[in-house]
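Structure assessment
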Amino acid sequence: GTKIVLQTVGKIRGIDFDPLFIEYARKQYSKENLKCSFSIVDITKRVPPGEPYDGAYALDLIEHISLNEEDKVMTNICAALTRHAVCIIGTPNINAHTYASPDSIAAHINLKSADTLKELLESYFYNAFIFSMNDEMVHTGFNPLAHYLIGVGVGNKKYRKIK
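Structure report, in brief. (Residues numbered from 1 in each chain as written. Predicted model: local features only at pLDDT ≥ 70, side-chain atom pairs only at ≥ 80, totals over all residues. Heavy atoms only, no water.)

1. Some points on the side chain of Thr44
Along the chain, Thr44 turns up in the loop between strand S2 (36–40) and strand S3 (53–59). A polar side-chain atom of Thr44 sits 2.5 Å from a polar atom in the side chain of Asp42. (Helix = DSSP H or I, 4+ residues; strand = E, 2+ residues; numbered from the N terminus. Polar contact = N/O pair within 3.5 Å; in protein donor to acceptor, adjacent residues only side chain to side chain.)

Written out as C-alpha cells, the structure is:
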C-alpha cells in the first residue's frame, strides 16, 4: 500500500521488527527513488523514532499482536503521533475466521469484529470509523459479512506534547 499512500502524503517512514523485511523494502524502494525511509522497530517495545507523525497505518498487524501486548502497541503508536493525527488499522474480520486456512488461523491470534475494532480505536482516538472490505470493494455495508475491516481513528487522545 505504500505507493498508494505516497500519492496523498509527502513521505513515509516504514517500520518492522524483522530486519529482512526492512532490507527488502529498502532495496525495492531505493530503485524507484520514492520518499520512504525504513527502520527496524519493534512496536511492542518502543515508540518509532522521529518527529511526531501526522498519521499511521498498520494493515495486517493487530491480528498478530497478542491481546496482552495490544495496549502497548497502541500506546506506542499514539506516542509517535500528533494531536490531530489519523490512524488506520486493517485486519481480517473475526467473522471470516471460520473460512481461513489452518496456517492463517495459527498466525491470527487477535482478530477483531467491526465492533471490537471500533472499541479499540475509540480508546485511543476521539473519533473512530469502520469500513468493510470484500474483494477489492471498500464499503460501509453489513460488517459481519466483510472479510476485512479497516478502522480509522482521528484525534489522538493520548497526545502528549514533548518538551
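2. Focus on the nonpolar core
Ranked by internal contacts, the top residues of the largest apolar core, which has 22 residues, are Met74, Ile77, Ile89, Leu121 and Phe125. Of all the elements in the fold, those that place two or more residues in this core are helix H3 (67–79), strand S4 (81–92), helix H5 (114–124) and strand S5 (125–134). Looking at this core, the element that brings in the most residues is H5, giving five residues. When sequence neighbours within four positions are dropped, the list of residues in contact with Leu121 reads Met74, Ile89, Ala128, Gly151, Val152 and Gly153. Counting residues in hydrophobic clusters, the runner-up holds seven residues, among them Ile12, Tyr29, Cys36 and Phe38. (Core = buried A, V, L, I, M, F, W, Y, C linked by side-chain atoms within 4.5 Å. Buried < 20%, exposed > 50% of the residue type's maximum accessible area, 1.4 Å probe, protein only. Contact = heavy atoms within 4.5 Å.)

3. As for the sheet that holds strand S6 (residues 137–139)
Spatially, five strands are ordered S3-S4-S7-S5-S6 in an open sheet, and the strand pairing comes out mixed. Only two strands of the sheet have a single partner each, and these edge strands are S3 and S6. This sheet shows a mean twist of 20° between the axes of neighbouring strands, independent of strand direction. Alignment of S3 against S4, held across six bridges, turns out to be parallel. Each residue of the ladder has a partner; that of Leu59, found in S4, is Gly90. Across the sheet, H3 is in contact with S3, S4, S5 and strand S7 (148–156); its angle to S4 comes to roughly 140°. (Pairing = 2+ DSSP bridges. Axes fitted to C-alpha atoms, helices over the stretch in contact; angles between N-to-C directions.)

4. So, the pairing of S2
Sheet analysis places strand S1 (residues 12–16) next to S2, joined by five bridges and oriented parallel. Of the residues in S2, the one forming a bridge with Asp16 is Ile40. Read as a crossover between parallel neighbours, the route from S1 over helix H2 (residues 19–30) to S2 is right-handed. (Right-handed = clockwise from strand over helix to strand, strands pointing away.)

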